[in-house]
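The residues making up each chain are set out below.
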Amino acid sequence: MEKKIRVLVAKPGLDGHDRGAKVVARALRDAGMEVIYTGLRQTPAMIAEAALQEDVDVVGLSILSGAHMALVPRIIEALTERGIEDVPLFVGGIIPPDDVAPLKALGVQEVFGPGTESETVVAFIRRAVGAA
Amino acid sequence: MSLVQAALAGDRRALARVLSAVENGTEEGRAALATLFPKTGRAHVVGVTGSPGAGKSTLVGRLAAEIRERGQPLAIVAVDPTSPYSGGALLGDRLRMRELATDPGIFIRSMASRGHPGGVAHATHDVVSVLDAAGFPVVIVETVGAGQAQVDVARLAHTVVLVEAPGMGDDVQALKAGLMEIADILVVNKADKPEARQTVRALQRVHQGVTSRGHHGPGAALPDEETVAGWEVPILETSAVENQGIAALVEAIEAHREYLRASGQWNNLVRRHIRAEIEAWLWRDLLALLEARVGAAGLDAAIDAVLSREKDPASVAGALLARVLQEAEP
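Residues numbered from 1 in each chain as written. Chains lettered and ligands numbered in written order. Predicted model: local features only at pLDDT ≥ 70, side-chain atom pairs only at ≥ 80, totals over all residues.

Quick look at the overall build of chain B
Item 1. When you go through chain B residue by residue, the secondary structure sums to 11 helices and eight strands.
Item 2. Here chain B holds 330 residues, and the buried ones make up 43% of them.
Item 3. Relative to all contacts within chain B whose residues are 6 or more apart in sequence, the contacts with residues 24 or more apart total 75%. (Helix = DSSP H or I, 4+ residues; strand = E, 2+ residues; numbered from the N terminus. Buried ≥ 20, exposed ≤ 12 C-beta atoms within 10 Å, placed from the backbone. Contact = placed C-beta atoms within 7 Å.)

So, the packing of helix α8 (residues 246-263) of chain B against helix α9 (residues 265-293) of chain B
All names here are of chain B.
Item 1. Running from N to C, α8 and α9 cross one another at 95°; their axes reach a closest spacing of 5 Å. When the axis of α8 is compared with that of α9, the two are roughly perpendicular. Across from L260, R261 and S263 in α8, the residues of α9 making contact are Q265, W266 and L269.
Item 2. Classifying every residue of the contact of α8 with α9 by side-chain character gives three nonpolar, two polar and one charged. (Axes fitted to C-alpha atoms, helices over the stretch in contact; angles between N-to-C directions. Parallel < 35°, antiparallel > 145°, perpendicular 65-115°, else oblique. Nonpolar A, V, L, I, M, F, W, Y, C, P; charged D, E, K, R; others polar.)

Some details on the interface of chain B and chain A
Item 1. On the chain A side, the residues contacting the 25 residues of chain B number 27 residues.
Item 2. Secondary-structure elements contributing two or more residues to the side of chain B that touches chain A are α2 (12-23), β3 (89-91) and β4 (106-112) of chain B.
Item 3. The dominant element in the side of chain B that touches chain A, judged by the number of residues it contributes, is α2(B), at six residues.
Item 4. A per-class count over the side of chain B that touches chain A returns 10 nonpolar, 10 polar and five charged.
Item 5. In the sheet, strand β2 (residues 34-37) of chain A pairs with β3(B) via three bridges, with the strands oriented parallel. Looking at β3(B), one finds that A:I36 is bridged to B:L91. (Pairing = 2+ DSSP bridges.)

So, the sheet that holds strand β7 (residues 185-188) of chain B
All names here are of chain B.
Item 1. Taken in spatial order, the seven strands make up an open sheet running β4-β2-β5-β1-β6-β7-β8, and their pairing is parallel. Strands at the two margins of the open sheet, each flanked by one partner only, are β4 and β8 (235-237). Each neighbouring strand pair of the sheet contributes to a mean axis angle of 20°, computed without reference to strand direction.
Item 2. Sheet topology places strand β1 (residues 44-50) next to strand β5 (residues 138-142); five bridges connect them, and they run parallel.

Some details on the domain arrangement of chain B
Item 1. By domain assignment, chain B separates into domain 1 (1-31), domain 2 (40-263) and domain 3 (280-328).
Item 2. The C-alpha centroid of domain 3 of chain B is placed 34 Å from the C-alpha centroid of domain 1 of chain B. (Domains from an automatic or database assignment.)

Side note on the nonpolar core
Item 1. Counting residues in hydrophobic clusters, the biggest one holds 127 residues, and the most contacted among them are A:V35, B:V139 and B:I140.
Item 2. Here this core gathers at least three residues from each of two domains, domain 1 (1-31) and domain 2 (40-263) of chain B.
Item 3. If near-sequence neighbours (up to four positions away) are discounted, B:I140 is found in contact with B:V46, B:V48, B:V60, B:L63, B:A64, B:L74 and B:I76. (Core = buried A, V, L, I, M, F, W, Y, C linked by C-beta atoms within 7 Å.)

Focus on the pairing of strand β3 (residues 58-63) of chain A
Residue and element names in this part refer to chain A.
Item 1. Counting buried positions along β3 gives six out of six residues, so the element sits mostly inside the fold.
Item 2. Residue alternation in β3 divides its side chains into two sets, V58, G60 and S62 and V59, L61 and I63, and both sets are buried.
Item 3. Bridge analysis of strand β1 (residues 6-10) against β3 gives four bridges, and the strand direction is parallel. Looking at the pairing, L8 lines up with V59 of β3.
Item 4. The sheet contact formed by β3 and strand β4 (residues 89-93) spans five bridges and is parallel. Residue V59 lies in a different strand from β4, and its bridge partner there is L89.
Item 5. For the crossover that starts at β3, traverses helix α3 (residues 68-81) and ends in the parallel β4, the hand is right-handed. (Right-handed = clockwise from strand over helix to strand, strands pointing away.)

This is the structure in structure tokens:
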């Protein structure tokens, strides 16, 4: 059996806008990936625990609340506590350009803004897991 | 320490990785299964099935919380369908199990069906075996939203819970063969809806005095029919959203386990599970052999022979099998 790419799509923080996350989840599904979708208002511990139990290849975070500079370090910390900080992480949502470099310095591999084509995200994931 | 040893020693990441290897059917996965198999056979495997939207995931979440409340660790394997077009899948069962997400006594694994039609994936049995060996005393398997004929969960679960939502059809539906027959416990979920009573009554009319022998099957008779009573399928009402009726469901599941143990049915059931699993591996290996020895071109030629009405499908299959077996010999 061929290896499927498994992706966790999670929505940390308190805002209730999950349309973007669902669009991405669907696009990845249509690209042949197995997407574990955990829904709204996930705490860093919930996200890290899901990433661990599901043995995902990539973690995608959707953040539109503006709290990314607070949330991302806590999520990376939760991943590190579980020894899975090596899993590639990407962030999608509304991220001011000035925050992209600091996020990447924290360990985020890629940041996708509004209007990103789903092919771009798919290609990034394939690259990140070494399947392209 | 090997990955398998680490998984058995309680390393959750190692466990997750062994599950992936087993799910992907890699050489490493097969070797892992062989290593840990002697440690299996202890868990109570509970299948939860029913139509899409009946509330299985929410119910499984509540059920797991109640079992945890009583002090037992448990694992959940939640299966969702793979797209036949893209091969991808959206695995959304965790969404309804929020409160379990960070409980160290719970391990949740989502699985895509990967083309297997029976309501579970073909590696679900193997994934359950790994969790069993890792020491989880209860493993809940949630099937894809199942229709009438997706009964494979009965080949790996000791206790099958069938979840119905109110308004699913009249009592003739309940008489049809298939899913209804494999249920050890019937649950009418969404009991907060006014139509729920009607559904319960329809099920009661059909199920009065029925004992669940369907998946225990013919030839699995009780060792002593005189002294051991059969299992009468209980019909329970729950409202997963309002957390009603969950304790009674846990008690029914435990009562069924006790019944299987006390009646000797447990061993019969497990024998049948093992037989089904050996057959499944044989199929897999035979298909792999067909692929290797006959190949796509050989198969295409066979299809052409049937297409031109030169040969019938059964004769073609017989010839292919003969080729596989002949060329398999040293």
